[in-house]
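The primary structure of each chain is shown beneath.
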Amino acid sequence: MFKDETQTCISCPSTWQKSKSLKSRVTQTSALLTNDVLCQSYDVKSVEIQTDTIEKIREESFDMEDVAKFLKRVESSMVKNLNENIHSKAFAGLENVLGMQNSSANNTLTLNHSPLEFQMSVQDLSWNSSGSVIGVAYGKLDHEDWCTHKGVFCTWNVDRGKINVNKADQALDVSSCLMSVEYHPVLPNLCAGGAFNGQIIIWDLSRSEDMEVCVSKNVEDGHHEPVTKVSWQYVNKTHWLLSLGMDGKILKWGVKLSRYQDPELVLVQGFVITGSYIPREHPSAPSNRNADIGGTAMSFSKEDPSTFVVGTESGLVLKCSTHSTELPLDKGIKIQFRSPITLAYNSHNGPVYDTHFSPSHRNIFLSASTDGTIRLYNTLQPKPLQVLEPVAGYVFGVQWSPVRPLVFAATTANGLLLIYDLASSRIAPILQIPASQSKSPVYSVAFNSKSSGMLSTGDSKGTVKIWKLSSGLSTQKRGENKLLERIALSSYE
């Protein structure tokens, strides 16, 4: 039988093949360089389209005489509608919607009151609370002696379709030159004015006659020199009228309003600017410490109506308060007078003709002077934050824009309206516009708080001009308040 069987292996070594040995070696190649390159290709397709057959337009014949008759027939209605459209606000702000913002100003109206007996200057301007009526104070600035002629208070309604640009809607005579005027902040028909003879007048323009409803006659502690500024202030749910005079007095009047009787003026508080409260080391401190200093400009803080600044004929700029706790001065007869001064700022080198608090920042205000400068102050420090020199002669008026925190306007002795935008330049105005004929001085400027971008100017020839600023100057930009805050925290070098 067969069976499996395993035998041992027998090997025979090779006589010709040698054994193999292995060794490791390392090699290196140069670095590979790569580069990305973009390329673009496109596809082309051919598509057939078909257009309509172009028909030859038939020329219509017309009679030129018929066209002339038609135009003559519709001329009056077309002119009427065009005149109405000039004052229309239907497209207000269209430039902003279309992205056409720029910096410009257009003169939309030029007003004069031709019945004036002799040439008078525009001393002050004020818009009423609805923004439709401009009030104008007419008087003379250069008096060699006591005023012996009458002033005039005029009003124009600029929203009215038909405006007589050569005659005011209302013209009210005043016993002497009218130096200042301001409408009531709520009642659009109530207006107050200050005269050269020291009188305070209140008009109710809603009446058909006897519009002069109140006059401060024979007030023992009242003003006895020109009233340079009147201002309405709302404190403790009551409207008060404050007045500033060249006699250095600041008077607070209570105005009793009743539906059944005429308003009544009641003198309730008095202050006086006297040299004894100016620090002796101040460069503009008067040599006569007991002399009263005439006030020429006044503006109240929009957030704290007890705080206000006063500009004087000597160039002093003073921070004042109606909450003064100074000892009474020996000056009053029926009321006690106190000094309102809390801080004296670095002064101008000439009379201060205007001051104005910023409506967007509680501590920022401007001042304008005959030394040819505009100064930007922070109420908390005596040195100005900025001194602007427009090189345009005396600067008479200055006012902040009510809608653009960094924009303000100023008027000068050589007839210019200056528009500053601190967002664009901290030094130079972005617009210099001739605002009067033959470079006559422009004494006053007033923004219309109810109509964005509208402002008015008044000159020494008695002309009032209404201006419309472009949307770039009348639409608030992002970050303006923050920039104004940074300016307020800066210091003048």
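Residues numbered from 1 in each chain as written. Predicted model: local features only at pLDDT ≥ 70, side-chain atom pairs only at ≥ 80, totals over all residues. Heavy atoms only, no water.

### So, the overall build of the protein chain
- Each helix and strand in the protein chain was counted, giving 4 helices and 29 strands.
- Taking all 493 residues of the protein chain together, 47% fall into the buried category.
- Within the protein chain, contacts between residues at least 6 apart in sequence are counted, and of these 53% link residues at least 24 apart.
- On the protein chain, roughly 29,000 Å² of surface is accessible, and the fraction owed to carbon and sulfur atoms is 49%. (Helix = DSSP H or I, 4+ residues; strand = E, 2+ residues; numbered from the N terminus. Buried < 20%, exposed > 50% of the residue type's maximum accessible area, 1.4 Å probe, protein only. Contact = heavy atoms within 4.5 Å. Areas by Shrake-Rupley, 256 points an atom, 1.4 Å probe, with all protein chains shown as cover.)

### Structural notes on the sheet that holds strand 1 (residues 105-111)
- The 4 strands are arranged 1-29-28-27 in an open sheet whose pairing can be described as antiparallel. Both edges of this open sheet fall to strand 1 and strand 27 (442-447), since each of them pairs with a single strand only. On average, adjacent strands in this sheet sit at an angle of 25° to one another, irrespective of strand direction.
- Here strand 27 pairs with strand 28 (residues 454-459) via 5 bridges, running antiparallel. Looking at strand 28, one finds that A446 is bridged to S456. (Pairing = 2+ DSSP bridges. Axes fitted to C-alpha atoms, helices over the stretch in contact; angles between N-to-C directions.)

### Observations concerning the pairing of strand 6 (residues 178-183)
- Within strand 6, 6 of the 6 residues are buried, leaving the element largely enclosed by the surrounding structure.
- As judged from the 5 bridges shared by strand 6 and strand 7 (residues 190-195), these two strands associate in the antiparallel manner. Looking at strand 7, one finds that L178 is bridged to A195.
- Taking the residues between adjacent antiparallel strands as the criterion, strand 6 and strand 7 are bridged by 6 residues.

### Focus on the pattern of salt bridges
- Taken as a whole and assessed by the stated rule, the structure comprises 8 salt bridges.
- For the salt bridge of R362 with E303, the shortest nitrogen-to-oxygen distance reads 4.0 Å. Taken together, the positions of R362 in the loop between strand 19 (352-357) and strand 20 (364-369) and E303 in the loop between strand 14 (295-300) and strand 15 (307-312) put the pair 59 residues apart, joining distant regions of the chain.
- Given the relative accessible area of 42%, R362 is considered partly exposed.
- A relative accessible area of 52% places E303 in the exposed class.
- Via salt bridges that share partners, R404, D421 and E480 belong to a single interconnected network. (Salt bridge = Lys/Arg side-chain N within 4 Å of Asp/Glu carboxyl O.)

### Regarding the nonpolar core
- Ranked by internal contacts, the top residues of the largest apolar core, which has 24 residues, are L111, I134, V136, Y138, W156, V464 and I466.
- Breaking this core down by element, the ones donating at least two residues are strand 1, strand 2 (121-127), strand 3 (133-139), strand 4 (151-157) and strand 29 (464-469).
- In this structure, L388, V395, A410 and A488 belong to the second largest nonpolar core, which totals 21 residues. (Core = buried A, V, L, I, M, F, W, Y, C linked by side-chain atoms within 4.5 Å.)

### Here's the deal with unusual backbone geometry
- One non-glycine residue, N236, adopts positive backbone phi at about 55°.
- Take N236: it is sitting in the loop between strand 10 (227-235) and strand 11 (238-245).
- The backbone of S438 shows a phi angle near 50°, a positive value even though the residue is not glycine.
- Along the polypeptide, S438 turns up in the loop between strand 26 (431-434) and strand 27.
- What makes S438 exposed here is its relative accessible area of 64%.

### Focus on the environment of A192
- Following the sequence through the fold, A192 ends up in strand 7.
- Placed 39 residues apart in sequence, A192 and S231 show a C-alpha to C-alpha distance of 8.3 Å.
- If we ignore the near neighbours within four places in the chain, the residues touching A192 are S180, V181, E182, I201, I202, W203, V230, W232 and L241.

### Re a nonpolar patch on the surface
- A cluster of nonpolar residues, V67, F70 and L71, forms a patch on the protein surface that exposes about 250 Å² of accessible area.
- Within the fold, V67 resides in helix 1 (residues 64-86). (Patch = residues over 30% accessible without salt bridge, like charges linked within 9 Å, V, L, I, M, F, W, Y side chains within 5 Å.)

### Observations concerning the sheet that holds strand 7
- Ordered by their spatial adjacency, 4 strands build an open sheet running 6-7-8-9, and the pairing between neighbours is antiparallel. Each edge of the open sheet is held by one strand with a lone partner, namely strand 6 and strand 9 (212-215). For this sheet, the mean angle separating the axes of adjacent strands, direction not counted, is 20°.

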